[in-house]
Amino acid sequence: MQASLACYSRPHGNPLVKLNLQTSSHTTTNSYNLLPSITSHTPISLPLKLQPQILLSPSPLLPKPKSNRTLSSKVGPLGCGISSNGYGASGKRSLREWVELCGEALSTAFPLWVTIGCVLGLVRPSSFNWVTPKLSIVGLTIIMLGMGMTLTLDDLRGALAMPKEVLSGFLLQYSVMPLSGFFVSKLLNLPSHYAAGLILVGCCPGGTASNIVTYLARGNVALSVIMTAASTLSAVVMTPFLTAKLAGKYVAVDAAGLLTSTLQVVLLPVLAGAFLNQYFQPLVKLVSPLMPPMAVATVAILCGNAIAQSSSAILMSGGQVVLACMLLHASGFFFGYVLARMLKLDVSSSRTISIEVGMQNSVLGVVLATQHFGDPLTTVPCAVSSVCHSIFGSILAGIWRRSVPAEMKD
């Protein structure tokens, strides 16, 4: 008897295995689905003797084999690998997978890089002399373009499938944080430039790093992506409107200018990224592994530059700003979770909304404050905010990761 094995990767469903058995009288071919526990990137090695009824499960779409006898052959071990995921029969990682792995490692440590950038801006402001306003806009545009590349039509379908969660998250995003910024400014009696910066960052949409933190916290990642996209797209209107209403008493707010800038650096890049993902997927697949580390580096540089612009003033009165930002984000994380639970949302979705509300797109705040507020100190709360929400979010993810929500155990 001779045996041969062929392994095929299918676009949908488990990989398909065809087993050919040839005897002196006839040849039999049976098809099997790999067991669900075997992932498509795991190399498979069949020993000299194999028992199909143990290792393989017959495909429900194909007839069952007529015999489950133990097979023996003089053929040596057979190996098969599914190359669509970058693995060959040897199981070695491809260059693309190494790039993705390094990118994920760098992105997961984003609080560390942002903290290093801010500390460097504080102690060596000259390190950021090369960062110009034009470069800041380019950096933010790259971040938004990368976010747009993650959006698909499936995200829209997902939003339609959970309207209560998306609507609740949207309302909490643009109510809890703007009001928290306003009341914390009142409570601490912040100077006008700090108050305006704190309110501005509170009125910004959710940050892209929230998707990573949601994953680590065992939250609803699909909801996180949809909420980030929804709050970012609506920021074109919501951020200028809320900033003008709440910060207008502290400083003059150019609502029309904020609207134009938000449109340029948020909406257009996100739509461009989504367009590329829809019609130029090979290009997106090529560059997408590089986008997360580029985004983290951009955030660290822009926040460090914002701190460097006002380093001397921060050293004199920075404690008040740090306290204000800590209270702002603590309020976002706390009320985001509590109010979501009061709205009868499940634990996983409530964790997601808490993270989305508590973590802001601080870099957008830095860019808008630089362009539309005369005092450079207005950018300081936005930069400090990036460090605070990154650290708070990482700590919260570590705590929540220890417990799996009941709905995720099913």
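Residues numbered from 1 in each chain as written. Predicted model: local features only at pLDDT ≥ 70, side-chain atom pairs only at ≥ 80, totals over all residues. Heavy atoms only, no water.

Under an unreviewed UniProt entry, the protein chain has the name Sodium/metabolite cotransporter and belongs to Arachis hypogaea. Under the heading Sequence similarities (unreviewed entry), UniProt records this for the protein chain: "Belongs to the bile acid:sodium symporter (BASS) (TC 2.A.28) family." (UniProt positions renumbered as here; feature names shortened; annotations may be inferred.)

Caption draft 1: Fine view of the overall build of the protein chain. Of the regular secondary structure elements, the protein chain holds 17 helices and six strands. Within the protein chain, the fraction of its 410 residues that count as buried is 46%. At a minimum sequence separation of 6, the contacts of the protein chain that also span at least 24 residues come to 75%. (Helix = DSSP H or I, 4+ residues; strand = E, 2+ residues; numbered from the N terminus. Buried < 20%, exposed > 50% of the residue type's maximum accessible area, 1.4 Å probe, protein only. Contact = heavy atoms within 4.5 Å.)

Caption draft 2: Geometry of the side chain of Arg-351. Looking at the secondary structure, you find Arg-351 in helix H14 (residues 347–358). The contact partners of Arg-351, leaving out residues within four places of it in the chain, are Ala-217, Arg-218, Tyr-337, Trp-400, Ser-403 and Pro-405.

Caption draft 3: Spotlight on the UniProt feature "transmembrane region" (unreviewed entry) in the protein chain. Taken from the UniProt record, the annotation "transmembrane region" (unreviewed entry) applies to residues 101–123, 135–154, 166–188, 194–214, 221–243, 255–276, 283–308 and 320–340. Across residues 320–340, helical content stands at 100% and strand content at 0%; the span's end C-alpha atoms are separated by 30 Å.

Caption draft 4: Layout of the nonpolar core. Core analysis: the biggest nonpolar cluster contains 62 residues, and Leu-140, Leu-198, Ile-353, Leu-364, Val-380 and Val-384 have the highest contact counts within it. With seven residues, the single largest contributor to this core is helix H12 (residues 291–309). Among residues more than four places away in sequence, those in contact with Leu-198 are Gly-181, Val-184, Ser-185, Leu-190, Ala-324, Cys-325, Leu-328 and Pro-381. Counting 11 residues, the second largest nonpolar core, distinct from the first, contains Ala-209, Ile-355, Leu-396 and Ala-397. (Core = buried A, V, L, I, M, F, W, Y, C linked by side-chain atoms within 4.5 Å.)

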